[in-house]
Amino acid sequence: DAMVIQNPRYQVTQFGKPVTLSCSQTLNHNVMYWYQQKSSQAPKLLFHYYDKDFNNEADTPDNFQSRRPNTSFCFLDIRSPGLGDAAMYLCATSRGGGGFRNEQFFGPGTRLTVL
Amino acid sequence: GESVGLHLPTLSVQEGDNSIINCAYSNSASDYFIWYKQESGKGPQFIIDIRSNMDKRQGQRVTVLLNKTVKHLSLQIAATQPGDSAVYFCAETPPGGLIFGSGTRLLVRP
């Protein structure tokens, strides 16, 4: 089945230690998104790629970076995680065209714990 | 327009009853709206969408109503089932953006 895969499902890191979260998709979608979701809150869009074009949300901290080496994979790098970065990180994909006006397909998320 | 909330509002319904989940959106320029369902430990799942040139759209057991005058969106679930228990988020697309609403937890009583 076509899907969005996130690895690992649970990630523990230390304060200030860089961490990378991974996302892959078999849907061949043009657009990939990264969201941060804290407990009992809505997902918050961090950035997205339309093909290779990177689009950062204005309020996404510089501590968060992303890479998309090819259509299938997208990575979220947190350079110096703080305690406030503990959250669920969701990856999503959608077809291109129409801006955000397309159904997004979400992965199961990676829960990040910062010690 | 950023959603902030420590406590999710909760709607508790009896199995078999209809559920209505409401959402107030923030940007009058938003022209596309989506409802997502998120079960515990999973990513959000698309339920239904509606464009701003419509005021009602129906799916299987679900109906979305859009009132642009008061910037209000609702999701109606007919004959609610235990599997409908989840958190429901609306999302709006203002120009160049996507914003999720704060979410409502739906609990279905057997």
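Values in this document were obtained by computation on a predicted structure and should not be read as measured data.

1. Examining the pairing of strand 9 (residues 87–94) of chain A
When a strand is regular, its side chains alternate between the sheet's two faces.
Residue and element names in this part refer to chain A.
Inference 1: Across the eight residues of strand 9, eight count as buried, placing the element largely inside the fold.
Inference 2: Neither face of strand 9 is open: one carries Ala87, Tyr89, Cys91 and Thr93, the other Met88, Leu90, Ala92 and Ser94, and all of them are buried.
Inference 3: Two strands pair when backbone bridges link them, and strand 4 (residues 31–37) and strand 9 are joined in this way by seven bridges, in the antiparallel orientation. Counted as the bridge partner of Trp34 is Cys91 from strand 9.
Inference 4: Relative to strand 11 (residues 110–114), strand 9 is paired through three bridges, and the arrangement is antiparallel. Bridge pairing in strand 11 places Ala87 opposite Leu112.
Inference 5: Looking at chain direction, strand 9 and strand 10 (residues 105–106) are connected through two bridges and run antiparallel. The residue bridging Ala92 from the neighbouring strand is Phe106, located in strand 10.

2. Re the sheet that holds strand 6 (residues 62–67) of chain B
By way of backbone hydrogen bonds, the strands of a sheet pair with one another, either parallel or antiparallel.
All names here are of chain B.
Inference 1: If you walk across this open sheet you meet the four strands as 2-7-6-5, and the pairing is antiparallel. Looking at strand neighbours, the two that pair on one side only are strand 2 (19–24) and strand 5 (56–58), the edges of this open sheet. Between one strand axis and the next, the sheet turns by 15 degrees as a mean value, whatever way the strands run.
Inference 2: Pairing of strand 2 with strand 7 (residues 72–77), which is carried by six bridges, proceeds in the antiparallel orientation. Looking across to strand 7, one finds that Cys23 is bridged to Leu73.

3. With respect to the packing of aromatic side chains
Inference 1: This structure, assessed with the given rule, holds 14 aromatic pairs over all chains.
Inference 2: Aromatic pair Tyr36(B) and Phe46(B): ring centres 6.2 Å apart, planes at 80 degrees, arrangement edge-to-face. Of the two residues, Tyr36(B) is situated in strand 3 (residues 32–38) and Phe46(B) in strand 4 (residues 45–51); the sequence distance between them amounts to ten residues.
Inference 3: When its relative accessible area of 1% is taken as the criterion, Tyr36(B) is described as buried.
Inference 4: Three or more aromatic residues link up through ring pairs in this structure, and these residues are Tyr33(A), Tyr35(A), Phe100(A), Phe106(A), Tyr36(B), Phe46(B), Phe89(B) and Phe100(B).

4. Description of the sheet that holds strand 1 (residues 4–7) of chain A
All names here are of chain A.
Inference 1: Across the sheet, four strands lie side by side as 1-3-8-7; this open sheet has antiparallel pairing. Edge strands, defined here as strands with exactly one partner in the open sheet, are strand 1 and strand 7 (64–67). Strand-to-strand, the axes of this sheet are offset by a mean angle of 20 degrees, without reference to chain direction.
Inference 2: Across four bridges, strand 1 lies against strand 3 (residues 19–25) in antiparallel orientation.

5. A closer look at the confidence of the model for chain B
Segments scoring low in pLDDT should not have their predicted coordinates read at a detailed level.
All names here are of chain B.
Inference 1: With 94% of its residues at a pLDDT of 70 or more, chain B shows a mean pLDDT of 91.
Inference 2: Confidence, read as mean pLDDT per element, is least for strand 9 (residues 99–100) in chain B (92) and greatest for strand 5 (98).
Inference 3: Here residues 1–6 is a poorly scored stretch, pLDDT under 50, and it has twelve contacts once near neighbours within four places are set aside; other chains count.

6. Details of the side chain of Thr110(A)
Residues and elements named next belong to chain A.
Inference 1: Topologically, Thr110 is positioned in strand 11.
Inference 2: Looking at Thr110, the relative accessible area reads 0%, which means it is buried.
Inference 3: The residues touching Thr110, leaving out its near neighbours within four places in the chain, are Gln6, Asn7, Pro8, Arg9, Tyr10, Gln11, Leu21, Ala87, Met88 and Tyr89.

7. Details of the pattern of salt bridges
Between side chains of opposite charge, pairing is possible as soon as their charged atoms come close.
All names here are of chain B.
Inference 1: On inspection of all chains with the given rule, the structure shows six salt bridges over all chains.
Inference 2: In this structure, Asp49 engages Arg57 in a salt bridge whose closest nitrogen and oxygen atoms are separated by 2.2 Å.
Inference 3: Judged by its relative accessible area of 35%, Arg57 is partly exposed.
Inference 4: Note that Arg61 and Asp84 form a salt bridge whose closest N and O atoms lie 2.9 Å from each other. Highlighted residues: Arg61 in the loop between strand 5 and strand 6 and Asp84 in the loop between strand 7 and strand 8 (86–92), separated in sequence by 23 residues.
Inference 5: Classification of Asp84 as buried rests on a relative accessible area of 7%.

Rules and cut-offs
Residues numbered from 1 in each chain as written. Chains lettered and ligands numbered in written order. Predicted model: local features only at pLDDT ≥ 70, side-chain atom pairs only at ≥ 80, totals over all residues. Heavy atoms only, no water. Buried < 20%, exposed > 50% of the residue type's maximum accessible area, 1.4 Å probe, protein only. Helix = DSSP H or I, 4+ residues; strand = E, 2+ residues; numbered from the N terminus. Pairing = 2+ DSSP bridges. Axes fitted to C-alpha atoms, helices over the stretch in contact; angles between N-to-C directions. Phe/Tyr/Trp six-rings, centres within 6.5 Å; stacked < 30°, edge-to-face > 60°. pLDDT = per-residue confidence, 0-100. Contact = heavy atoms within 4.5 Å. Salt bridge = Lys/Arg side-chain N within 4 Å of Asp/Glu carboxyl O.

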